[in-house]
Amino acid sequence: MNLLLIEDDAETASYLVRGFQELGHVVDRCADGREGLLMAGAGQYDVLIVDRRLPGVDGLQIVKTLRGAGVATPVLFLTTMTAIDDRVEGLAAGGDDYLVKPFSFEELAARVNALGRRPPLPPQETALRVGPLEMDLVTRTVSRDGVKIELQPVEFRLLEYLLRNRGRVVTRTMLMERVWSFQFEPRTSVVETNVSRLRAKIDKPFDHPLLRTVRGVGYVIDATE
Amino acid sequence: MQLNRVLRGQPFRIGLRYAALFAVSMVLVGGVTLWRLTGNMEADLRTSVMEESDTLQAVYRQEGWDGLTDEVAIESSLSAGSDDVRGTHYLLLDRRGEKVAGDLSALRPFSGWGSTTLIGNGDGDPDPDDDPDVVSVVLHSTELSQGWLITGISRHGIDDMQETVLSAGLWGAGAGVLLALLGGVLMSRTSLRWVDAVNQTMDEIMGSNLSRRLPNVGAGKDLDELTRNINRMLDRIEELMVGLRQVTNDIAHDMRTPLSRLKQTLEQAVTQAEDGSESRSLLVKSVMETRSILETFDALLRIAEIEAGARRISFADVDLAALAEEIAETYRPVAEDHDQHFQTEIEPGTTLYGDRDLLGQMLVNLIENAIQYSGTGSTMHLTVSRGDNGAAEIAVLDNGPGIPAAERARVVERFYRLEKSRTTPGSGLGLALVKAIAALHHRRLVLADNHPGLIARIL
């Protein structure tokens, strides 16, 4: 993927650039808001990673300007601000995702991945499938190898989110935000517990697992053996 | 503006007091005037009665008993045939007390002053359908050698005067009291308009909008001056709040960036350290410590943000019952992993006007507290219900060790932790956050004894 990183902190920027390059992405980086705006408007990027606080034009203004000019490139905001109002403000300005510093590189990579491969307009799917596992979104039923699996509403939502991102790693924080709308860090291992309950229902009775744990990063559901 | 609010207003009550004072003084002035006027008129009346008597006594002295009898008969005949009882009345009695002449019916003989009442036309109204009036008459009786001469004049003049003064007084007092009340209502409305404007603005300011100022409603010099001063005070508060937020954000920015770099460096070091080495375990410990510093920092910033009240902008009706069901479903497996029972009693359709994310965090904090501190084998209970006044109430109960009564008030303070829980992870900000979220929603957190265990209620 072609990425543009607009970040004024040199150390963070070089750490991120190195990380993305190791994953095989092409990364352009600039430290100034004005310059970043010009680059984002001119270049062909798959994802923009924008710091909220920048010299020159601030991150929020960059995204507002780009959206005003019809540039629809997905944007992920980086920020040190924890206030939820700032998050809401960022998303309202046209941001697609929001990550509060400090974050692990794996968290950022997973989110950039999810944004970059997002289909332009998700078609109205009525069923989600991965290998032998099938989720009917109309009747809200799940089956594997034709065997019906009973899920609680929360488990259903969790599986739906995983299936919509099939083949991609989703982090624990992404699950908390998207499945439970938790904007905070729970003290108990609530995500792990719920994932393991889901796994017990969709994987345990069958011959090979679909839902895998990616150590230190998150979870992925795919049909690879 | 509701009338009963106007009537309970301070200016109206002052108006009411003035009206009462005015009424009392009217009664006093009226009473004294009436008393003096009546006294004067009574004296005049008696003088006239005496003059009448003197005139007739002179006749008696010159013309004897018969002459007096004739004179009384002549004087009396002037009013004969009329039912008008006003004016002068006469009566002449002989030694036996029998009536000799006069227009009054026979009276028991007496000497000096007396009185009687006559029934007839006392107000000059010639209409025969007019109700008869009762008129009292002032009498004076003089004993003569052959009988008694009684002269009298009706008191209708005094009665009329009293009636006039009384009705004038009553009308005047009524109008005065009415005007005073009306003035009270008007003043009350003016000041209530000001109070309402102040209250509404204050609500908005406390809600979120610190830049709001009191409008100048023109409620008089004093209130306008007060309005100006309150506005100046609000300017100052806004300056301080903006400054505080600036400082907080600056600290967040300046501290969190180096801290997150430190954490990144430590995490990199962990991956490069030899598996199982002592330096690796020290590095892992450092990562954990750094993470917990950052978490504490975030929790503090979050409490500060919530207490600033800015979140009220995003308030909406939240389906609290559905939210609680979802969170309960999410946490039931966590409780089961801790060998705990988790029961719920959620009244469907219970709603609360507030911030969904924060209400969720509040429920999670209460439930996680119960899971963390009530111990294995305990039973937890989450209830969501509508209270007596229809407002949503939340309660989380457990039958664990609970919190000693003496410490219950302190555990909601920032960083306060029970001695025995110091070794378990946690920032000591969980209940402080719950309290802040509850306060943002105009609710309070109440901790009580569950005999055994803890009850945490949001009322």
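Quick look at the structure, then. (Residues numbered from 1 in each chain as written. Chains lettered and ligands numbered in written order. Predicted model: local features only at pLDDT ≥ 70, side-chain atom pairs only at ≥ 80, totals over all residues. Heavy atoms only, no water.)

1. A short note on the overall build of chain B
Along chain B, the regular secondary structure elements total nine helices and 12 strands. In chain B, which comprises 459 residues, the proportion classed as buried is 40%. Considering only residue pairs separated by 6 or more positions, chain B has 66% of its internal contacts joining residues 24 or more positions apart. Accessible area of chain B: about 25000 Å², with a carbon and sulfur share of 56%. (Helix = DSSP H or I, 4+ residues; strand = E, 2+ residues; numbered from the N terminus. Buried < 20%, exposed > 50% of the residue type's maximum accessible area, 1.4 Å probe, protein only. Contact = heavy atoms within 4.5 Å. Areas by Shrake-Rupley, 256 points an atom, 1.4 Å probe, with all protein chains shown as cover.)

2. Comments concerning the interface of chain A and chain B
At the interface, 35 residues of chain A touch 37 residues of chain B. Contact between chain A and chain B buries roughly 3300 Å² in total, counting both sides, with carbon and sulfur atoms accounting for 49%. Considering only the side of chain A, the residues that lose the most area to chain B are P102, F184 and R187 of chain A, jointly responsible for 21% of the buried surface there. Of the charged contacts in the structure, one is a salt bridge between D9 of chain A and R261 of chain B, with a shortest N-O distance of 2.3 Å. At the junction of chain A and chain B, the tally comes to 12 residue pairs in polar contact (both at pLDDT 80 or more). If you list the elements that add at least two residues to the side of chain A that touches chain B, you get α1 (10-22), α4 (84-92), α6 (153-164) and α8 (190-202) of chain A. Taken together, the residues that form the side of chain A that touches chain B break down as 14 nonpolar, nine polar and 12 charged. (Buried area = accessible area lost by both parts, 1.4 Å probe. Salt bridge = Lys/Arg side-chain N within 4 Å of Asp/Glu carboxyl O. Polar contact = N/O pair within 3.5 Å; in protein donor to acceptor, adjacent residues only side chain to side chain. Nonpolar A, V, L, I, M, F, W, Y, C, P; charged D, E, K, R; others polar.)

3. Some words on the environment of Y161 of chain A
Residue and element names in this part refer to chain A. Structurally, Y161 can be placed in helix α6. Y161 sits in the buried class, given a relative accessible area of 14%. Counting along the chain gives 14 residues from Y161 to L175, while the straight-line C-alpha distance between them is 7.9 Å.

4. Some details on the side chain of S53 of chain B
Of note, S53 of chain B is situated in helix α2 (residues 10-77). With relative accessibility at 0%, the residue S53 of chain B sits in the buried group.

5. Overview of the packing of α8 of chain A against helix α6 (residues 320-337) of chain B
Their axes nearest at 9 Å, the elements α8 of chain A and α6 of chain B cross at an angle of 90°. One way to sum up the angle between α8 of chain A and α6 of chain B is to call them roughly perpendicular. In this structure, α8 of chain A contributes V190, T193, N194 and R197 of chain A to the contact, and α6 of chain B contributes E329, T330, Y331, P333, V334, E336 and D337 of chain B. In terms of residue class, the contact of α8 of chain A with α6 of chain B is built from four nonpolar, three polar and four charged. (Axes fitted to C-alpha atoms, helices over the stretch in contact; angles between N-to-C directions. Parallel < 35°, antiparallel > 145°, perpendicular 65-115°, else oblique.)

6. Points about the sheet that holds strand β3 (residues 112-120) of chain B
Sheet strands pair by backbone hydrogen bonding; their relative direction is either parallel or antiparallel. Residue and element names in this part refer to chain B. The strand order β2-β1-β5-β4-β3 describes an open sheet built from five strands, whose pairing is antiparallel. The open sheet terminates on both sides in strands that have one partner only, identified here as β2 (99-102) and β3. If you compare each strand with its neighbour and ignore which way they point, the axes differ by 25° on average. As paired strands, β3 and strand β4 (residues 133-144) are joined by nine bridges and run antiparallel to one another. Across the sheet, the residue bridging to G120 is D133, located in β4. Lying on the sheet, α2 is in contact with β1 (88-94), β2, β3, β4 and β5 (147-154); it crosses β5 at an angle near 140°. (Pairing = 2+ DSSP bridges.)

7. Notes on the pairing of β5 of chain B
All names here are of chain B. Extensive coverage of β5 is indicated by the burial of eight of its eight residues. By the bridge criterion, eight bridges tie β4 to β5 in an arrangement that is antiparallel. Paired with V137 across the bridge in β5 is S154. Connecting β4 to the antiparallel partner β5 that follows it, the hairpin turn spans two residues.

8. Some details on the pattern of salt bridges
Residues and elements named next belong to chain A. The full count for this structure, using the stated rule, is 33 salt bridges over all chains. Between R144 and D203 there is a salt bridge, and its shortest N-O distance comes to 2.8 Å. Within this pair, whereas R144 is found in strand β8 (residues 141-144), its partner D203 is found in the loop between α8 and β11 (211-214), the two being separated by 59 residues in sequence. In this pair, the class of R144 matches that of D203, namely buried. The structure contains a network of salt bridges with shared partners spanning D97, E107, R111, E177 and R178.

9. Observations regarding the sheet that holds strand β7 (residues 133-136) of chain A
All names here are of chain A. With antiparallel pairing, the four strands of this open sheet are ordered in space as β6-β7-β8-β9. Since the sheet does not close on itself, it has two edges, and those belong to β6 (127-130) and β9 (147-149), each with one partner. Each strand axis lies, on average, 25° off the axis of its neighbour in the sheet, ignoring direction. Examined bridge by bridge, β6 and β7 share four bridges and lie antiparallel to one another. Within β7, the residue paired with R129 across the bridge is E134. Each of β6, β7 and β8 touches α6; the most contacted strand, β7, lies at about 115° to it.

Taken by themselves, the reported measurements are silent on function.
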